[in-house]
Amino acid sequence: MSAPDTTVVRLTQRPQPARTLVCLGFCGGGTASFHPWIPALPDDTDLVAVCYPGREGRFLEECAQSWDELAADAAHAVASVAADGPYILFGHSMGGWMAFEVTGRLTAAGAPLPQSLVVSACNAPDQGLTERDRFPAQGQHDGELLDWMRTHGLLPAHVLEEPDLTEMAVELMRADIRARDTFTFAPGTRVDVPVQVLSGADDPVIGDDLGPRWAGLTTGGFRHDVLPGGHFYTPAVWEALPTRIAALGAPVTATH
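Participant: How do you make sense of the side chain of serine 120 when you look at a structure like this?
Facilitator: Looking at the secondary structure, you find serine 120 in strand β5 (residues 116–120). At 2.6 Å, the side chain of serine 120 forms a polar contact with the side chain of tyrosine 233. When near neighbours in sequence (up to four residues on either side) are disregarded, serine 120 contacts Phe90, Gly91, His92, Ser93, Leu198, Tyr233 and Leu241.

So this is what it looks like as structure tokens:
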């Protein structure tokens, strides 16, 4: 049975799509961040975003208390989409690690795997959670978290103008940070699908070893594309990010 619509948010519904781009969000994020991608999609590709517990249509649910709980929830959602046909799995920042984790869980379950795994703005997880990856951090006060979201994230202006929405955004960020900080990497974990890594040229949280480390985590093909901007690239690049995904026909440029 398909996951509830509150979890699997179908941002487009083509009559007979050739594939689906399935997106997993970042710390504190929701499905709205992927809405601007619709005009950039190929005509034969559907767009789906997975909503984590505790937000949007799942507002009345408790946020995941651990990485394992969040990953199990996300894997169930992605498996329901995978049953419908070919798909590409995308994750940004924390969502990149989640996409890698979900692919491993689907492999273990014998579920259909993505045609390609696309991880964006995240270091390879094989070293576990390092201090470099603790951004934002649990110990930061509310003002610091808001500054980070305002500077590096995609926090809409209307949220910053509403105290209730701002408080909710901080609560979601803290909940996701708590779950993220329970992540552990199982030594030897690999995926058997092509992996594309996207990173921002000016992203301060990305290490110099990004490409080689991610390349070592797949037995499939690999490519690394460096894009303009920081953790969320530039606004123009983010809005057209599907045009940078190789499995959707992106040209082979800026590959490392």
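From this point, the discussion proceeds with the structure in view.
Participant: Is there a simple way to think about the sheet that holds strand β7 (residues 222–227) in this case?
Facilitator: Neighbouring strands of a sheet are bound in pairs by backbone hydrogen bonds; such pairs are parallel or else antiparallel. Read from one edge of the open sheet, 7 strands run β1-β3-β2-β4-β5-β6-β7, paired in mixed fashion. In this open sheet, the two edge strands, each paired with only one partner strand, are β1 (8–10) and β7. On average, adjacent strands in this sheet sit at an angle of 20 degrees to one another, irrespective of strand direction. Pairing analysis gives 6 bridges linking strand β2 (residues 19–24) to strand β3 (residues 45–50), with the strands arranged parallel. Among the inter-strand pairings, threonine 20 is bridged to a residue of β3, identified as aspartate 46. Together, β1, β2, β3 and β4 (87–92) form the strand contacts of helix α1 (residues 67–82), whose direction differs from that of β2 by roughly 170 degrees. Contacts from helix α2 (residues 94–109) reach β2, β4 and β5 within the one sheet, and its direction differs from that of β4 by about 140 degrees.

Participant: Please clarify how unusual backbone geometry should be interpreted in this entry.
Facilitator: For residues other than glycine, phi is negative in most cases, and the peptide bonds are mostly trans. Each neighbour pair has its own omega, and for phenylalanine 135 with proline 136 the value is -25 degrees, a cis peptide bond. Counting through the fold element by element, proline 136 comes out in the loop between β5 and α3 (142–152). The backbone phi angle of serine 93 is positive, close to 55 degrees, even though this residue is not glycine. You can see serine 93 is positioned in the loop between β4 and α2. Residue serine 93 is classed as buried on the basis of its relative accessible area, which comes to 9%. If you check the backbone angles, alanine 121 has positive phi at about 55 degrees while not being a glycine.

Participant: I'm lost on the nonpolar core in this one. Help?
Facilitator: A general tendency of soluble globular proteins is for nonpolar side chains to be buried together. By size, the foremost hydrophobic cluster in this structure holds 54 residues, and its most contacted members are Leu24, Val78, Leu89, Met98, Val102, Leu117 and Trp214. Residue contributions to this core peak at 9 residues, all from α1. Val9, Leu47, Val118 and Val237 belong to the second-largest nonpolar core, a separate cluster that totals 24 residues.

Participant: So what exactly am I meant to see when it comes to the pattern of salt bridges here?
Facilitator: Using the criterion set out here, one finds 15 salt bridges in the structure. A salt bridge links aspartate 73 to arginine 58; the shortest N-O distance between them is 2.8 Å. Linking aspartate 73 in helix α1 with arginine 58 in the loop between β3 and α1, this pair joins segments that are 15 residues apart in sequence. There is no split in this pair, since aspartate 73 and arginine 58 are both buried. A salt bridge links aspartate 209 to arginine 213; the nearest nitrogen and oxygen atoms lie 2.8 Å apart. For arginine 213, a relative accessible area of 28% puts it in the partly exposed group.

Participant: Please clarify how the pairing of β5 should be interpreted in this entry.
Facilitator: Note on strand geometry: in a regular strand, side chains alternate between the two faces of the sheet. Counting buried positions along β5 gives 5 out of 5 residues, so the element sits mostly inside the fold. Side chains Ser116, Val118 and Ser120 of β5 all project onto a buried face; the interleaved residues Leu117 and Val119 project onto the opposite face, where all are buried too. Pairing of β4 with β5, which is carried by 5 bridges, proceeds in the parallel orientation. Paired with histidine 92 across the strands is serine 120, a residue of β5. Of the crossover connections in this fold, the one passing from β4 over α2 to the parallel β5 is right-handed. Direction of pairing for β5 relative to strand β6 (residues 195–200): parallel, over a ladder of 4 bridges. Bridge pairing links serine 120 to leucine 198 in β6.

Participant: Is there a simple way to explain α3 in this structure?
Facilitator: The periodicity of an α-helix, 3.6 residues per turn, causes residues three or four places apart in sequence to face the same way. Along α3, the positions that sit buried rather than exposed are Leu145, Leu146, Trp148 and Met149. Around the axis of α3, the buried residues are gathered within 160 degrees of arc, so they sit on the same side. Elements in contact with the buried residues of α3: α4 (157–160) and α5 (163–180).

Participant: Please clarify how the environment of phenylalanine 59 should be interpreted in this entry.
Facilitator: With respect to the element layout, phenylalanine 59 can be found in the loop between β3 and α1. Note on phenylalanine 59: relative accessible area 48%, which makes it partly exposed. Along the backbone, phenylalanine 59 and threonine 6 are 53 residues apart, and their C-alpha atoms lie at a distance of 9.5 Å. Phenylalanine 59 has contacts with Gly54 and Met168, leaving out every residue within four places of it along the chain.

Conventions adopted
Residues numbered from 1 in each chain as written. Predicted model: local features only at pLDDT ≥ 70, side-chain atom pairs only at ≥ 80, totals over all residues. Heavy atoms only, no water. Helix = DSSP H or I, 4+ residues; strand = E, 2+ residues; numbered from the N terminus. Polar contact = N/O pair within 3.5 Å; in protein donor to acceptor, adjacent residues only side chain to side chain. Contact = heavy atoms within 4.5 Å. Pairing = 2+ DSSP bridges. Axes fitted to C-alpha atoms, helices over the stretch in contact; angles between N-to-C directions. Buried < 20%, exposed > 50% of the residue type's maximum accessible area, 1.4 Å probe, protein only. Core = buried A, V, L, I, M, F, W, Y, C linked by side-chain atoms within 4.5 Å. Salt bridge = Lys/Arg side-chain N within 4 Å of Asp/Glu carboxyl O. Right-handed = clockwise from strand over helix to strand, strands pointing away. Arc of directions from axis to C-beta.

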